[in-house]
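Below are the chains, spelled out letter by letter.
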Amino acid sequence: MIYSFKGYIPVVHESSFVHPLAAVTGNVIIGKNCYIGPGAAIRGDWGQIVLEDGVNVQENCTVHMFPGKSITLKESAHVGHGAIIHGANLGENCLIGMNAVVMDDAEIGDESIVGAMAFVKAETIIPKRSLVVGNPAKVIKSVTDEMIEWKTKGTQLYQQLPKDCQDTLKEVEPLREVPREMKIQEDVYKTLRDFMKK
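Residues numbered from 1 in each chain as written. Predicted model: local features only at pLDDT ≥ 70, side-chain atom pairs only at ≥ 80, totals over all residues. Heavy atoms only, no water.

Chemist: Just checking my understanding: could you explain the pairing of strand 20 (residues 138-142) for this structure?
Modeler: Residues in a regular strand point their side chains to alternate faces of the sheet. With 0 of 5 residues buried, strand 20 lies mostly on the surface of the structure. With 4 bridges joining them, strand 19 (residues 130-133) and strand 20 adopt antiparallel strand pairing. Bridged to Val132 within strand 20 is Val139. (Buried < 20%, exposed > 50% of the residue type's maximum accessible area, 1.4 Å probe, protein only. Helix = DSSP H or I, 4+ residues; strand = E, 2+ residues; numbered from the N terminus. Pairing = 2+ DSSP bridges.)

Following this line, the structure appears as structure tokens:
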């Protein structure tokens, strides 16, 4: 759902997809080919939130901030299931892992990867191309070319997803039995371990 707040109405590019079970409120600007999953809450009630082109904010994520702050999720930023971005800025083509928390005034560098369940403390500056894990989160090494290639391919799937949702997603009644010739989805993506074996 899209909600106005104190006269601010979200701006969503027509190529992007906001799931009907997501909540986008107030001063939010969503660029091209962005995906906002069900259960996501993007609250621009106290400040502006900008999602540049190709950003995805997956299921059950929260993006918010303290009053008077504004934040940007730069082009191709990838926010995994259940993550919380609170008053932090995300660099281009970075990945925030599932259930990670990134706190106020943190800056995540371009092409960095924040591991699942990591806790990035307020005002932490993560340099470009860093792999970050733990609670509190620490840089453990640099992101390799192979890792960023894998991440980029995963994000490209999410950049195609808005069109797929616009073209095919519809509310339906469930089937009552499994069809005889039910197809299995294509294997279009590999785990990082499999990807690096190539």
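Chemist: I would appreciate a short explanation of the environment of Pro179 in the present structure.
Modeler: Residue placement: Pro179 occurs in the loop between helix 1 (145-168) and helix 2 (192-197). For the pair Pro179 and Asn33, spaced 146 residues apart in the sequence, the C-alpha separation amounts to 33 Å.

Chemist: What exactly am I supposed to notice about the nonpolar core here?
Modeler: Across soluble globular proteins, you tend to see nonpolar side chains buried next to one another. Ranked by size, the top nonpolar core spans 36 residues in total, and within it Leu51, Val57, Leu73 and Ile96 carry the most contacts. Counting only elements with at least two residues in this core, the list comes to strand 4 (23-30), strand 6 (41-51) and strand 9 (71-73). Ignoring sequence-local partners within four residues, the contact set of Leu73 consists of Val50, Leu51, Glu52, Val55, Val57, Val63, Val79 and Leu90. In this structure, Ile113, Leu131, Val143 and Met147 belong to the second largest nonpolar core, which totals 6 residues. (Core = buried A, V, L, I, M, F, W, Y, C linked by side-chain atoms within 4.5 Å. Contact = heavy atoms within 4.5 Å.)

Chemist: Please explain the pattern of salt bridges as it appears in this structure.
Modeler: A side chain of one charge can pair with a side chain of the opposite charge if their charged atoms are brought near each other. By the definition in use, this model includes 5 salt bridges. The closest approach of N and O atoms between Asp45 and Arg43, which form a salt bridge, is 2.7 Å. When the shortest N-O distance is used, the salt bridge between Asp105 and Lys69 registers 3.0 Å. Taken as a pair, Asp105 in the loop between strand 14 (101-102) and strand 15 (107-108) and Lys69 in the loop between strand 8 (62-64) and strand 9 lie far apart in primary sequence, 36 residues in all. With relative accessibility at 31%, the residue Asp105 sits in the partly exposed group. Within this structure, Glu111, Arg129 and Asp145 form a network of salt bridges that share partners. (Salt bridge = Lys/Arg side-chain N within 4 Å of Asp/Glu carboxyl O.)

All we've got here are geometric facts, nothing functional implied.
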